[in-house]
Amino acid sequence: MPSFQEIIFKLKQYWAERGCIIQEPYDVEVGAGTMCPETFLRVLGPKPYRVAYVQPSRRPADGRYGDNPNRLFKHSQLQVILKPSPGDVVEQYLGSLEAIGIDLRKHDIKFEEDNWEAPTLGAWGIGWQVMLDGLEITQFTYFQQCGGIDLDVVPAELTYGLERLTAFLQVKDSVYDIDWTQGFTYRDVRYLDELQYSVYNFELADVPTLWKLFDLHEGEAGRLLKLYDPKSTEKLRFPLLPAYDQVLKCSNIFNTLDARGAISVTERVGVIQRVRRLAVGAAQAWADQQQQQTSEAAQ
Amino acid sequence: MSVPLLLEIGTEEIPDWMIRPALDDLRRLFEKTEIPHASIRMDATPRRLVLRAEGLPPRLADRQERVQGPAKSAPPKAVEGFARKQGVAPEDLIVETTAKGEYYSYVKRVPGRAVKELLAEALPGVILGISFPKTMYWTGKGGPRFIRPIRWIVALLGEDIIPFELAAVRSGSLTSGHRRLGAREIVVTASDYEERLGDHYVILSAEARRKKIADGMAGVRIKRDEALLETLVYLTEFPTPITGGFDPEFLQLPEEVLITVMRHHQRYFSVEDAQGKLAPQFVAVMNIDSDPEGFVRRGNERVLRARFNDARFFWETDQKKKLADRVPDLAHVTFQAKLGSYLEKTERMIALTGMLGGDQHAAQAAQLSKCDLTTELVKEFTELQGVVGGLYARVQGEPEPVWQAIYDQYKPESMEDGIPRNRTGQIVALADKLDTLTGCFRVGLIPTGSRDPFALRRAAQGVVKILVEGKIELDLRDLIGRERLDNPDLRDFFEDRIRFYFRDYRGFAYDEVNACMAVASRNLVDLEARLVRVQKLRGSADFEPLAASFKRIRNILEQAKFTGLGAIDETLLDPGPERDLYDEYRRIAGQPIESAISRLRPKVDLYFDKVLVNAPDARVRRNRLTLLNTMLREFSTIADFSEIVTKS
């Protein structure tokens, strides 16, 4: 029976063999692997790209103090981007399940409609949730738009829920009981993350401080993005990636404030708009930079 | 000689609910090509839309086309030019006499084209013409759009491939079997297609899949669920039901919650015991042939256990704060940006229950009705809003009318759904829907065409249904504004819903509804009673002739622009038919139309036969018009019979 980390190794190996760059997790807090620059920015523009990485994904509102067997503040996604999506992308995906030891002649796989949308990113796609014996194990999406921009090339995004998948393979009712590796359970490694972040997110996070931080990061992102000059001959020097990090910071603080119950439903829409505006700005600047790079390469 | 056509559009998994409309569309688009055929059969699985037609000609018949040229009087140059254009010598033209004179013309023979060729040209457009609620592109920006990527196309006319290319896919004779149990590439012909698919674990016919599921559940007492069955039929290519179980301890949770988890979240059928109570079992439908080692069953059982554990956790957490203590929290839940929070809505609803004649229980239920929106269980299972509130109210000791009213507040959710089971619930449901309707219309959120994001049509339909079927004798005008100017759009909107309800749901005839609605109603209960009477009256032989006479009376009055009522001067009445009609009218006035109709009709007929209303003497004319108008009023209290469409 494969351990949590063996499953990760096997999946990375599988996708590496299919031409993916294997990246490490992004080092800024994100709510989903989609938000990492490796996905959010790389899907823009016409350049082919293939990448796979594990991304710890923080959802402050989903924390349960380590008590709930299936819900986590921070779960691990394996994110795969295949741009453009190959014609046999579904078969390749199913092959990855067999690679981690799931005999698909003995299990029930269904593709159920589930279109993905991230309003803070101005992004959406068409796809399915993939159900394995009644358990949702993967979100499969054909991106159509990102940062409000129609994509030139349609990538397939595969997002595996690694804890669930492992619990399934190890036949465990609680993610805390899965073997991370021999001698260490998930609980040994992650329990304190769950407990302490739940305490912080639900009880101790200081709301005025978080708002201040939100404003600061928003200000910095906005300030930088205003400096972007599409006519500049040196536009590749423009610090787009650092600006985007500031957007990610805003998004994470927004999620924390939300978990803390500090954002009313009416305010919510407004704050989502603020983050979206920045994300769209970053995406547009990136797409513009890419254009220059592509045309330079062509010359 | 005729040949069969096979068209299979091979795709990635299409959402189950879009498949049947897509098939209808595909058929319609194919028929629009006007390629002759004897029969069509449509089939689909999640991965293929299939059109099979029999009896196509290999080639369309030749036909003649007449091309008209210049007039016979035209200069020879023009005639030569025309002939050259047609590719013939001027001698080959004929002269025809038309209504406008003599003209040269040429009869062109148009050879019939090969059907294969026609199909190769038409099919790409037919395929991409299928409309879906939401489409995607996958080959790149500007590429073709479809519901999911097209991965293969089988297009055969008899033995031949109909050659075309679509989204970088070339049509051919290769289909694909079940994703895991079948081969990826299978050569088929039009005649062995379905059988070959069967060999590769694809049951092409939805009917056969439905039957396989039903047969596989034959030994289990499942709760019937046609909608779920249809979903599963179009979610699988080789469906096989399996039965699983769960810990009976979960049966302590409300059935509603358990069934919702099974049905909506896991697509399982729930199972009943012999007494009709929920049993700790479920039936899942797999998309493979068997589960000999029990992997699938155990996997599904584990998922369900986790889901039930979650539900139990939420159920217990929510109990820690009573519904009544949640009312202030509603201030933080937005109902609609322009219409404020749910707390404000709650306050408006409480006031409305009073206007609707609700008692203390109704006000109490209205106050608690939206509190479940703040519970964990509703956040997780939004489709259970209302129901969950009702269940919590029950365990928290609210009186029966109150918890039932909360439970039923969103009823009726469709035309077929029942109305709330008690009067308190009916009042609360009315208050909720009327508040939403008047609020939305006030701020301009009015449904247009198919766009109705706040489900206002359903809300208005619900109001009509509750008022009629709950026999609630309230005047809708008092509820939405009596003056036409108060809320003209909403009044028109309701009028449409009322017509729809009585016509399409209750089955009253179009003109009966028009006739009864043309007369002012006290309320919808009164309208319904009058409709029933008119419908019965219609069975009488006297009805339609009398209705025709009423129409005639109305026309006469309209032409004379006469609206006068008042005393009828008996001295001006002619003896004979006029006097007879008057006397009859005096005798039956005040009686219901049902008992008057057979006596009235012959008198009216005779009157119109013999009496000239438009008499030369102005006083007589006036007197006659007054009699007709008085009589029309007298017998038009239940309906305006002149609206009835008569055969004559």
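Quick note: structure is the one above.
The structure presented is a predicted model; accordingly, all values stated were derived computationally and were not measured. Throughout, residues of each chain are indexed from 1 in the direction in which the sequence is written. For this description, chains carry letters from A and ligands carry numbers from 1, given in the order in which they are written. Only residues with pLDDT of 70 or above have their local features reported here, since the model is predicted, and side-chain atom pairs are shown and tallied only from 80 upward, although totals for entire chains, interfaces and linings are computed over all residues. The side-chain values count all of the structure's non-hydrogen atoms but skip hydrogen atoms and water molecules.

A. A look at the overall build of chain A. Secondary structure summary: chain A contains eight helices and eleven strands in total. Whereas a compact globule of 299 residues would reach a radius of gyration of roughly 19 Å, chain A reaches 20 Å, a difference of no more than 12%. Along the three orthogonal principal directions, the C-alpha set of chain A runs to about 55 × 50 × 35 Å. Between buried and exposed lies partly exposed: a residue is buried under 20% and exposed over 50% of the maximum accessible area for its type, with that area taken using a 1.4 Å probe on protein chains only. Counting every position in chain A, which comprises 299 residues, the buried fraction comes to 57%. It only takes one pair of heavy atoms within 4.5 Å for two residues to be counted as in contact. Taking the contacts inside chain A whose residues are at least 6 apart along the sequence as the reference set, 68% of them involve residues at least 24 apart. Areas reported as accessible are Shrake-Rupley estimates using a 1.4 Å probe. Residue values count occlusion only from the protein chains shown. A total of about 12200 Å² of accessible surface is found on chain A, and carbon and sulfur atoms cover 51% of it. Where helices and strands are cited, they refer to DSSP runs of H or I of at least four residues and of E of at least two residues respectively, numbered from the N terminus. In this setup the radius of gyration rests on C-alpha atoms only. A globule is expected at 2.2 Å times the number of residues raised to 0.38.

B. Local environment of the nonpolar core. Residues grouped as a nonpolar core are buried Ala, Val, Leu, Ile, Met, Phe, Trp, Tyr and Cys residues, joined through side-chain atoms within 4.5 Å. Ranked by size, the top nonpolar core spans 151 residues in total, and within it F140 and Y160 of chain A together with L49 of chain B carry the most contacts. Counting residues in each nonpolar core, the second largest holds 122 residues, with I259, V327, V468 and I498 of chain B among its members.

C. Representation of the interface of chain A and chain B in the model. Taken together, the contacts link 43 residues of chain A with 47 residues of chain B. Put simply, buried area is the surface a 1.4 Å probe can reach on two separate parts but cannot reach once they are joined, added for both. Carbon and sulfur atoms make up 49% of the surface buried where chain A meets chain B, a total of about 3900 Å² over both sides. It is R105, K106 and E113 of chain A that lose the most area in chain A upon contact with chain B, and together they represent 13% of the buried surface on that side. Basic side-chain nitrogens of Lys or Arg form a salt bridge, by our definition, when they fall within 4 Å of a carboxyl oxygen of Asp or Glu. At the boundary of chain A with chain B, the tally comes to nine salt bridges. In this structure, the salt-bridge partner of R305 of chain B is D173 of chain A, at a minimum N-O distance of 2.8 Å. N or O atoms closer than or at 3.5 Å make up a polar contact, with two conditions inside protein: a donor-capable atom paired with an acceptor-capable one, and, for residues adjacent in sequence, both atoms drawn from side chains. Linking chain A to chain B there are 24 residue pairs in polar contact (both at pLDDT 80 or more). Elements that contribute at least two residues to the side of chain A that touches chain B include exactly α3 (89–99), β4 (109–113), β6 (123–132), β7 (135–146), α4 (162–170) and α8 (265–298) of chain A. Looking at side-chain class alone, the side of chain A that touches chain B contains 18 nonpolar, nine polar and 16 charged residues. Throughout this entry, Asp, Glu, Lys and Arg are counted as charged residues, while Ala, Val, Leu, Ile, Met, Phe, Trp, Tyr, Cys and Pro are counted as nonpolar. The remaining residues, Gly among them, count as polar.

D. Representation of the packing of helix α5 (residues 206–216) of chain B against helix α6 (residues 226–233) of chain B within the structure. All names here are of chain B. Every axis corresponds to a line fitted to the C-alpha atoms, with the helix fit spanning only the stretch in contact, and the corresponding angles, defined between N-to-C directions, vary from 0 to 180 degrees. Where α5 meets α6, the axes come as close as 9 Å, and the angle between the chain directions of the two elements is 120°. Compared by their axis directions, α5 and α6 come out oblique. Seen from above, α5 lies across α6 with right-handed handedness. Across the interface between the two elements, A206, R209, R210 and I213 from α5 touch L229, E230, L232 and V233 from α6. For the contact of α5 with α6, the class distribution of residues is five nonpolar, no polar and three charged. Oblique is the label for every angle not falling under 35 degrees (roughly parallel), over 145 degrees (roughly antiparallel), or within 65 to 115 degrees (roughly perpendicular). Put simply, a crossing is left-handed when the front helix is turned counterclockwise from the back one by less than a right angle, and right-handed when it is turned clockwise.

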